[in-house]
Amino acid sequence: MSMPEAVTRRWTPTVEQVVYAVIAVLAIVSRLWALGDRALHHDETLHAAYSWYLFSGRGYMHDPLLHGPLLYHLGAFFFFLFSDNDTTARLSAALFSIALTLSPILLRPVIGRTAALIASLYLLISPVALYVGRFFRHDIYSVVFEILVLVAIVRYAADPRPRWLYLGAAALALMLTNQETTYLYTLIIAAPLAAIFCWQVYRPGLAIIGGLGVALVLLIFVLPGTAVVDGGHHAQRDVNGVIVVDQPGPIFGWPPLETEDNGYALLVRNRSDSDGGRTVWENAVRYLADIGRFVNHPAVISVVILLTGGLALLIWLIWCRRDASGATPWERALARDDPAATVVASLAADRRWYVALAIAGTIYTLLFTAMFTNLLGLISGVAGSLLYWLAQHNVQRGSQPGHYYAVILATYEPLLLLGAAVGLPLAIQAVRQRWPEAFAIGLIAWWSVAAFGIYTWAGEKMPWLTIHLTLPLTLLFAWALAKLISLAQQEVARWSMGWHETTAEVEAPVMTDRSGVAGAGDVAPMPSGSWRWLDEWRPGALGLPKGALLGFGLLFTLIVCLGFLLLSITVAAGPASPIQPWMVVLFTMTLFILLVIGAGLRWGWRVMAAITAIWLAVVIGLYTVRSSVRLAYQTGDVAREMMVYTQTSPDVMRVIRRLEEAAMRRGGGTRLPVMYDNETVWLWYLRDWPGAIYVPGGRLNGPPAEEVQAVLLLQENLDRYPENRAYLEEFVVQRYPLRWWFPEDQAYRLNGNSLLDRLLRNPFDYETSAQLWRYLMFRQPPAGLGSTDFVIAVRPELARQIGVGLGGSLRMPER
């Protein structure tokens, strides 16, 4: 090979590759920076503690309350690699978050290079993705598998290679072994796939599938009766153990399902191979008998019969029933080369579906049995999880209102809501006009709408679940923005072509006769005004009209800065200000609308839409970045953020670190004798303290022994047992917040006096507008934080080292 050829063939990165590399570096830094600086959340301490139990050889038993086993195996693996601490507990989540940021690369062939790049960039700065991605909970792992399943589906549909099928099977199995949101995701994705298959192969099948879906909802959630329950949603039972009926079911008068009783949910949730000293086979029989109590309900039996019969009927109608020509609907679909039939038929090639099932089954078996040490996990992996979380739908832990996710998205991800408003109509148009990306983007649009609907309907609503909504919305927003830019570029290209043709005609030599006068067939010179107008359509930045992007951006930025400045001054001036906040908003919106109309009249409406979308993305993106930094690094352990919800306070970590320092000074390491109560956070933070003594129920049996240097108790345990105070007379008792929470009642619940209530009732009220502004910009909640507290009682010589708590004092006890 000659030197010129070698130089020509030398690899050089493209601009796209450089951008992805920068995103990857920023993702690594943003996800790993100060990862262990904030105290572990209550849920994180449980997950970290159970991972540590597995790592230290104490084994693992599947418990649906704490979701699936994947997280604990990953946690134990990283403890094995890097030791156990707050940073390594979150490390696997952070790595999955990095993978999520870069995962849109796999969708480049189906949604476009620009859309994939925008999606990756937004996942980098998304407050929800960043916060949940640095959080040792199951959701970040699940959403990575969700996008991998989507990739597998759309890539296999476009190019049915076995690798995509196997990727989808592995991702779905890992998702199932991680979290019960798998059932919701599977329902969301399977519904349109089944509908597409029936539409192309056998359209009457749509009615069968729709009828089965409606029947399932009615039989499980409508037709059974309701139980008499207490505050913990435990059902009352008679002497025979039968649930006491509050209201019998409509139509058939059926009794309640067993899952109406939270006690039953706890019964099927946590089962060990060695319960009661019995063998694993005896416990398996007992477990199946307990599950049978649910299955024996007439509604559940009806579900089983209908599903079995309906699917059997559908199979017969499609694959067995022949028409007058002797062909089945399936054979006719294959003869027509219908895409759905071709893809489904490919599953049988080389027995691919056998391999896919083997992959999924192996993953399920290994993880749910904890490498064959918890065989009942084979049952609890599906049955226990499904029944437990079906019961939690009625319990409604968190008791969040139906508009909860709308409030979260409006606060942290407003760009995604705007993207959905534009993207959904575009997606419908893509499907109707059969654009090349119609299947992929139609599926993403459906995922976005269905995820928002089903998580809003679900009984348990928590802030970390928001990421299951933001992922499809991010993909939809990215595609919509890229599509608007593409449509505008096409418009510019048409006008640019006209510009080039015109210049060619003008620059062509003009044929004249000998007198110098143009002939009848010559081209007349173009009017100067028309020339200038065409000249402005020459492509500039991003292929848009020359100067359009910059000119619009400068004016738009000026309007935004002016609005921000006026709103800040108005809020700071107080109620006496002659200008009210709503006036500033109205004034700013008026200027913005005039700018948009002017851009549309000057450059056309397609170009205007693209330019407006770009600058809205830039400006709101800056707000998004600010929210991300504040949430992840500044107030991630302070419940002024709605996404934080309920968080272990920084004082917990600080107190534990001070105790460790005191132990080191005394030369005993972590052997400093301490006592602790039934608060679960101590399971993690005192895991390496051989000198730690557990106090069951938080009730002391007498004064602590002389060698005990500190006692950690919940404030409620100190108040519940007055003798605890008497036993701690020789100690200095200091109080700290254990965990605190956002003031939901005063912020967004519709209770008549919340900030959202007042905003809906009177959006022009000054104080309401000012409170909303202070929260959106500075995270000042409309009320103080709630908290549950703990106390640490220490020997007097340690008191100053630990520090003063809430209302605390370093006054030594009188002797």
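Residues numbered from 1 in each chain as written. Predicted model: local features only at pLDDT ≥ 70, side-chain atom pairs only at ≥ 80, totals over all residues. Heavy atoms only, no water.

Chemist: Before we move on, could you go through the overall build of the protein chain and cite the residues and values that matter?
Modeler: Looking only at helices and strands, one finds 35 helices and 8 strands in the protein chain. When its C-alpha atoms are laid out on the principal axes, the protein chain stretches across 125 × 80 × 70 Å. With 815 residues in all, the protein chain has 50% of them scored as buried. Of all intrachain contacts in the protein chain linking residues separated by at least 6 positions in sequence, the fraction that spans at least 24 positions is 75%. Just so you have it, the protein chain exposes about 37,800 Å², and 65% of that area is on carbon and sulfur atoms. Averaging the positions of the 62 positive and the 61 negative side-chain charges in the protein chain gives two centres separated by 4 Å. (Helix = DSSP H or I, 4+ residues; strand = E, 2+ residues; numbered from the N terminus. Buried < 20%, exposed > 50% of the residue type's maximum accessible area, 1.4 Å probe, protein only. Contact = heavy atoms within 4.5 Å. Areas by Shrake-Rupley, 256 points an atom, 1.4 Å probe, with all protein chains shown as cover. Lys, Arg positive; Asp, Glu negative; His and termini not counted. Charge placed at Lys NZ, Arg CZ, Asp CG, Glu CD.)

Chemist: So what about unusual backbone geometry? Which residues, and what values?
Modeler: One non-glycine residue, Asp 337, lies in the positive phi region at around 60 degrees. Following the sequence through the fold, Asp 337 ends up in the loop between helix H16 (329-335) and helix H17 (339-346). Residue Asp 337 is classed as exposed on the basis of its relative accessible area, which comes to 57%. Even without glycine at this site, Tyr 645 takes up a positive phi of about 65 degrees. Along the chain, Tyr 645 turns up in the loop between helix H27 (605-634) and strand E3 (646-648).

Chemist: Can you explain the packing of aromatic side chains? Please cite residues and give values.
Modeler: All chains considered together, the criterion is met by 35 aromatic pairs. Here Tyr 50 and Tyr 53 contribute two aromatic rings whose centre-to-centre distance is 5.4 Å and whose plane-to-plane angle is 75 degrees, an arrangement assigned as edge-to-face. Taken as a pair, Tyr 50 and Tyr 53 lie in helix H3 (residues 42-55) at a separation of 3 residues, close to a single helical turn. Each residue in the set Tyr 50, Trp 52, Tyr 53, Tyr 60 and Tyr 72 is aromatic and connected to the rest through ring pairs, giving one cluster. Across from the ring centre of Trp 684, 3.6 Å away, lies the NZ or CZ of Arg 687, which sits over that ring. (Phe/Tyr/Trp six-rings, centres within 6.5 Å; stacked < 30°, edge-to-face > 60°. Lys NZ or Arg CZ within 6 Å of the ring centre and 35° of its normal.)

Chemist: Help me get a handle on the pairing of strand E6 (residues 710-714), residues and values and all.
Modeler: Burial of E6 is extensive: 5 of the 5 residues sit out of reach of the surface. Here E6 shows two buried faces, one formed by Ala 710, Leu 712 and Leu 714 and the other by Val 711 and Leu 713. Two strands pair when backbone bridges link them, and strand E4 (residues 674-676) and E6 are joined in this way by 3 bridges, in the parallel orientation. What sits directly across from Tyr 676, in E6, is Leu 712. As paired elements, E6 and strand E8 (residues 786-794) share 5 bridges and run antiparallel to each other. Paired with Val 711 across the bridge in E8 is Ala 793. (Pairing = 2+ DSSP bridges.)

Chemist: An account of the pairing of E8 is requested, with residue identities and associated values reported.
Modeler: Two faces, one strand: in a regular strand the side chains alternate between the faces of the sheet. Of all 9 residues in E8, 7 are buried, a share of seventy percent or more. Pairing between strand E7 (residues 732-741) and E8: 9 bridges, direction antiparallel. If you follow Pro 737 over to E8, its bridge partner there is Asp 789.

Chemist: Could you give an account of helix H18 (residues 352-368), with specific residues and numbers?
Modeler: Its 17 residues give H18 an end-to-end C-alpha distance of 24 Å, which sits within 8% of 24 Å, the value for a rise of 1.5 Å per residue. Burial in H18 covers these residues: Arg 352, Ala 356, Ile 363, Tyr 364, Leu 367 and Phe 368. Angularly, the buried residues of H18 cover 105 degrees about the axis, an arc narrow enough to put them on a single face. Against helix H4 (70-82), helix H9 (139-158), helix H10 (162-176), H17 and helix H19 (377-395) lie the buried residues of H18. A positive phi of about 50 degrees marks Ala 370, the residue just after H18. (Expected span 1.5 Å × (residues − 1). Arc of directions from axis to C-beta.)

Chemist: An account of the side chain of Glu 258 is requested, with residue identities and associated values reported.
Modeler: Relative to the elements of secondary structure, Glu 258 occurs in the loop between strand E2 (245-247) and helix H13 (262-269). Assessed through its relative accessible area of 14%, Glu 258 is described here as buried. Of note is the side chain of Glu 258, whose polar atom sits 2.8 Å from the side chain of Arg 237. Only 3.1 Å separates the side chain of Glu 258 from the side chain of Arg 293, close enough to count as a polar contact. Beyond its immediate stretch of four places on either side in the chain, Glu 258 contacts Arg 237, Ile 243, Tyr 264, Arg 293 and Phe 294. (Polar contact = N/O pair within 3.5 Å; in protein donor to acceptor, adjacent residues only side chain to side chain.)

Chemist: Summarise the sheet that holds E6; cite the residues concerned and give the values.
Modeler: Pairing is mixed in the open sheet, where 6 strands are placed in the order E3-E7-E8-E6-E4-E5. The open sheet has two edge strands, E3 and strand E5 (692-694), and neither has a second partner. Each strand of the sheet is rotated relative to its neighbour by a mean of 25 degrees, with strand direction disregarded. Relative to the sheet, helix H28 (residues 650-665) contacts E3, E6, E7 and E8, its axis offset from that of E7 by approximately 140 degrees. (Axes fitted to C-alpha atoms, helices over the stretch in contact; angles between N-to-C directions.)

Chemist: If you had to explain a nonpolar patch on the surface to someone new, which residues and values would you point to?
Modeler: Among the surface-exposed residues, Val 25, Val 29, Trp 33, Val 625, Val 629 and Tyr 633 lie close enough to one another that they form a single nonpolar patch of about 530 Å² accessible area. Sorting the residues of the nonpolar patch by element identifies helix H2 (15-32) and H27 as the ones contributing at least two each. With 3 residues, the single largest contributor to the nonpolar patch is H27. Note on placement: Tyr 633 falls in helix H27. (Patch = residues over 30% accessible without salt bridge, like charges linked within 9 Å, V, L, I, M, F, W, Y side chains within 5 Å. Salt bridge = Lys/Arg side-chain N within 4 Å of Asp/Glu carboxyl O.)

Chemist: Describe the packing of helix H5 (residues 86-102) against helix H7 (residues 113-125), listing the residues and the values that go with them.
Modeler: Interaxial distance between H5 and H7 falls to 7 Å at its minimum, and their mutual angle equals 150 degrees. The angle between the axes of H5 and H7 places the two elements in the roughly antiparallel class. Residue-level inspection shows Leu 100, Thr 101 and Leu 102 of H5 in contact with H7, the latter providing Ser 120, Leu 123 and Leu 124. Classifying every residue of the contact of H5 with H7 gives 4 nonpolar, 2 polar and no charged. (Parallel < 35°, antiparallel > 145°, perpendicular 65-115°, else oblique. Nonpolar A, V, L, I, M, F, W, Y, C, P; charged D, E, K, R; others polar.)

Chemist: Explain the state of the cysteines to me, and be specific about the residues and the numbers.
Modeler: As used here, a disulfide is simply a covalent bond connecting the sulfur atoms of two cysteines. By the definition in use, this model includes 0 disulfides. You can see Cys 198 has no disulfide; the closest cysteine sulfur is in Cys 320, sitting 15 Å from it. (Disulfide = S-S within 2.5 Å.)

Chemist: So what's going on with the packing of helix H11 (residues 181-201) against H17? Residues and values would help.
Modeler: The contact between H11 and H17 brings their axes to 8 Å, and the two run at 115 degrees. Comparing the axis directions of H11 and H17 gives the class roughly perpendicular. Of the residues in H17, those touching H11 at Ile 196, Phe 197, Gln 200 and Val 201 are Pro 339, Ala 340, Ala 341 and Val 344. Considered class by class, the residues forming the contact of H11 with H17 number 7 nonpolar, 1 polar and no charged.

Chemist: Report on the environment of Leu 367, specifying residues and quantitative values.
Modeler: Assignment of secondary structure puts Leu 367 in helix H18. In sequence terms Leu 367 and Tyr 72 are 295 residues apart; their C-alpha atoms lie 9.7 Å from each other. When neighbours within four sequence positions are excluded, Leu 367 is seen to be in contact with Pro 69, Leu 70, His 73, Leu 174 and Thr 177.

Chemist: Can you break down the pattern of salt bridges residue by residue, with the values?
Modeler: Two side chains of opposite charge can pair, provided their charged atoms sit close to one another. Applying the stated criterion across every chain yields a total of 31 salt bridges. Residue Arg 687 pairs with Asp 84 through a salt bridge whose shortest N-O separation is 2.7 Å. Note that Arg 687 is positioned in the loop between helix H29 (681-685) and E5 and Asp 84 in the loop between H4 and H5, a separation of 603 residues in sequence. Note on Arg 687: relative accessible area 18%, which makes it buried. Each of Arg 237, Glu 258, Asp 261, Arg 271, Asp 290 and Arg 293 takes part in salt bridges that share partners, so that together they form one network.

Chemist: Account for the nonpolar core, with residues named and values stated.
Modeler: Counting residues in each nonpolar core, the largest one holds 167 residues, and the members touching the most others are Trp 479, Trp 682 and Leu 712. When residues in this core are grouped by element, the largest group, 16 residues, is from helix H23 (residues 467-507). One finds Tyr 287, Val 300, Val 303 and Ile 379 within the second-largest nonpolar core, a separate group that totals 18 residues. (Core = buried A, V, L, I, M, F, W, Y, C linked by side-chain atoms within 4.5 Å.)

Chemist: Explain the side chain of His 468 residue by residue, including any values.
Modeler: Tracing the backbone through its elements, the reader meets His 468 in helix H23. Residue class for His 468 comes out buried when judged on its relative accessible area of 1%. There is a polar contact of 2.9 Å between the side chain of His 468 and the side chain of Glu 146. With residues near it in sequence (within four places) discarded, His 468 still touches Asp 139, Ser 142, Val 143, Glu 146, Gln 179, Thr 181, Trp 447, Ala 451 and Tyr 455.

Chemist: Describe the environment of Arg 602, naming the residues involved and giving the relevant values.
Modeler: Within the secondary structure, Arg 602 is located in helix H26 (residues 581-603). Considering only alpha carbons, one finds Arg 602 and Ala 34, 568 residues apart in sequence, at a separation of 49 Å.

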